[in-house]
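Secondary and tertiary structure notes
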Amino acid sequence: MSTWSKLRHQINLQINEWAASLDDVGFDVGGTHISLFNAVWMIFVVIAVIVFGRVVSRIGRRAVRSMRGLDGTQRALGEKLMTVVVWSAAVLVGIDAMGINLTTLTVFSGAFGLAVGFGLQKTFGNLVAGVILLMDRSIKPGDVIAVNDTKGSTFGVVNRIGVRAITVLTRDDREILIPNEILMTTQVENWSHSSNVVGITIPVNVAYGSDLDLAEKLLLEAALTVPRVLKGPEPSILLDAFGPSAIQLLIYISIDDPENGVGNVRSDVLKAAWHALQGSGVSIPLPQSDVTLRDSDGLRLLAEALKGRGS
């Protein structure tokens, strides 16, 4: 027998002695022997399952990302399915390694399944909703969607679609987590579902008596000076209404990068319109209203009192 074989034989004997000594420390419950060796072995299996699940799922996700024939949505769906398959296999192998007979669990399956069903109902619903969102491509990573948060209605870019929720990154660098199930049951405004081109309407009021043709020309030129405003489709000016104190116009522009914000484009267009209208004879009126006082005895007394006070 070689030296290596002798060493391996001695190591096996030593391990068997340690296992036997650990197995002696325990107690019997019915026909089941619970020992220190069982506890150590279960801890080892649980740690091995966690390490195996994390490492293999990470390798699987990297393999899915490296596939060039898949777009972002298909990669996200593949990563999610890869994670579910790896962790399911790891848990089943761990149960088998611990020597737990799955048929013995059928006694507790009714009550346990009911408890898990109530406890994980929302989690499982969000998981299924996330898979459906990735399959029908209604919401994809990189889409710009409207969301509702504590500050009101805002919008952001879908950063990732997770198992429980999607992560939306707003313009002020806030990350909003929206459960997948909410996106399936409520109305969501997707600004870039089929195209990134988004139209924006900007109201501008001009005073009565202004040259409307000149006002439209100046507003169009001002809109075209903003770099993010698209030349095609071209900006346009619409006459919205004759208001109580001003003529209400609408500047219609288009952008193809809504993820960079909308309010900043609106601000740039309004600033350019303000500078373009200065000194052109087209003015932006101040809000004003006419007040008519009806003649009455009380009004006459007030007028006489004010007149006497002034004299």
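Below: a short report on this structure. Residue numbers restart at each chain and count upward from 1, following the sequence in its written direction. Where local features are concerned, this predicted model is filtered to residues with pLDDT of at least 70; where side-chain atom pairs are given and counted, the filter is 80 or more; whole-chain, interface and lining totals use all residues. No hydrogens and no water enter the side-chain calculation; it runs on all heavy atoms of the structure.

1. A few points about the pairing of strand S8 (residues 198-206)
Only protein chains enter the area calculation, which uses a 1.4 Å probe; residues under 20% of their type maximum are buried, those over 50% are exposed, and those in between are partly exposed. Strands are runs of DSSP state E lasting at least two residues, helices are runs of H or I lasting at least four, and both sets are numbered from the N terminus onward. Taking every second residue as pointing to the same face, the buried face of S8 carries Val 198, Ile 200, Ile 202, Val 204 and Val 206, while none of Gly 199, Thr 201, Pro 203 and Asn 205 on the other face is buried. Two strands qualify as a pair provided that DSSP identifies no fewer than 2 bridges between them. Pairing analysis gives 9 bridges linking S8 to strand S10 (residues 247-255), with the strands arranged antiparallel. Within the sheet, the bridge partner assigned to Asn 205 lies in S10 and is Gln 248.

2. Some remarks on the pattern of salt bridges
Salt bridges are identified by distance alone: a Lys or Arg side-chain nitrogen within 4 Å of an Asp or Glu carboxyl oxygen. Per the stated rule, a full pass over the model turns up 1 salt bridge. With its nearest N and O atoms 3.1 Å apart, the salt bridge here joins Asp 257 to Arg 228. On the criterion of sequence distance, the pair formed by Asp 257 in the loop between S10 and helix H8 (263-277) and Arg 228 in the loop between helix H7 (212-224) and strand S9 (236-242) is long-range, its members being 29 residues apart. Considered together, Asp 257 and Arg 228 belong to a single accessibility category, that of buried residues.

3. A look at H7
A rise of 1.5 Å per residue sets the reference length of H7, with its 13 residues, at 18 Å; its end C-alpha atoms lie 18 Å apart and thus fit the reference within 8%. Within H7, the full set of buried residues consists of Ala 215, Leu 218, Leu 219, Ala 222 and Ala 223. Looking down the long axis of H7, one finds its buried residues gathered within 135° of arc, a one-sided arrangement. Exposed side of H7, more than 90 degrees from the buried face: Asp 213 and Lys 217 are the residues found there. Each element contacted by the buried residues of H7 is listed here: S8, S9, S10 and H8. A 3.5 Å cut-off defines polar contacts: any pair of N or O atoms within that distance qualifies, except that in protein one atom must be a possible hydrogen donor and the other a possible acceptor, and neighbouring residues in sequence count only when both atoms are side-chain atoms. By the N-cap criterion, in which a side-chain oxygen at the helix start approaches the backbone nitrogen of a residue two or three places on, H7 is capped by Asp 211, the distance to Asp 213 being 3.2 Å. To estimate how far a helix should reach, multiply one less than its number of residues by 1.5 Å. Taken from the helix axis, the directions to the C-beta atoms give the arc we talk about. Pairs of residues are marked as contacts when any of their non-hydrogen atoms sit within 4.5 Å.

4. So, the sheet that holds S8
The 3 strands are arranged S8-S10-S9 in an open sheet whose pairing can be described as antiparallel. With partners counted over all chains shown, the strands left at the sheet margins are S8 and S9, one partner each. Averaged over neighbouring strand pairs, the angle between their axes works out to 25° when direction is ignored. Only the contacting stretch of a helix is used when fitting its axis, a line to C-alpha atoms as for every element, and angles between N-to-C directions run 0 to 180 degrees. The sheet contacts of H7 involve S8, S9 and S10, and relative to S10 the element is tilted by about 25°. Across the sheet, H8 is in contact with S8 and S10; its angle to S8 comes to roughly 35°.

5. Thoughts on the nonpolar core
Leu 219, Ile 251, Ile 253 and Val 269 are the most contacted members of the largest nonpolar core, which has 25 residues in total. Of all the secondary structure elements, the ones that give two or more residues to this core are S8, H7, S10 and H8. Sequence-distant contacts of Ile 253, defined by excluding residues within four places in its chain, comprise Val 198, Gly 199, Ile 200, Ile 202, Ala 223, Val 229, Pro 235, Val 265 and Val 269. In plain words, nonpolar cores are sets of buried Ala, Val, Leu, Ile, Met, Phe, Trp, Tyr and Cys residues tied together by side-chain atoms within 4.5 Å. Residues Leu 134, Val 158, Val 168 and Ile 176 belong to the second largest nonpolar core, which totals 13 residues.

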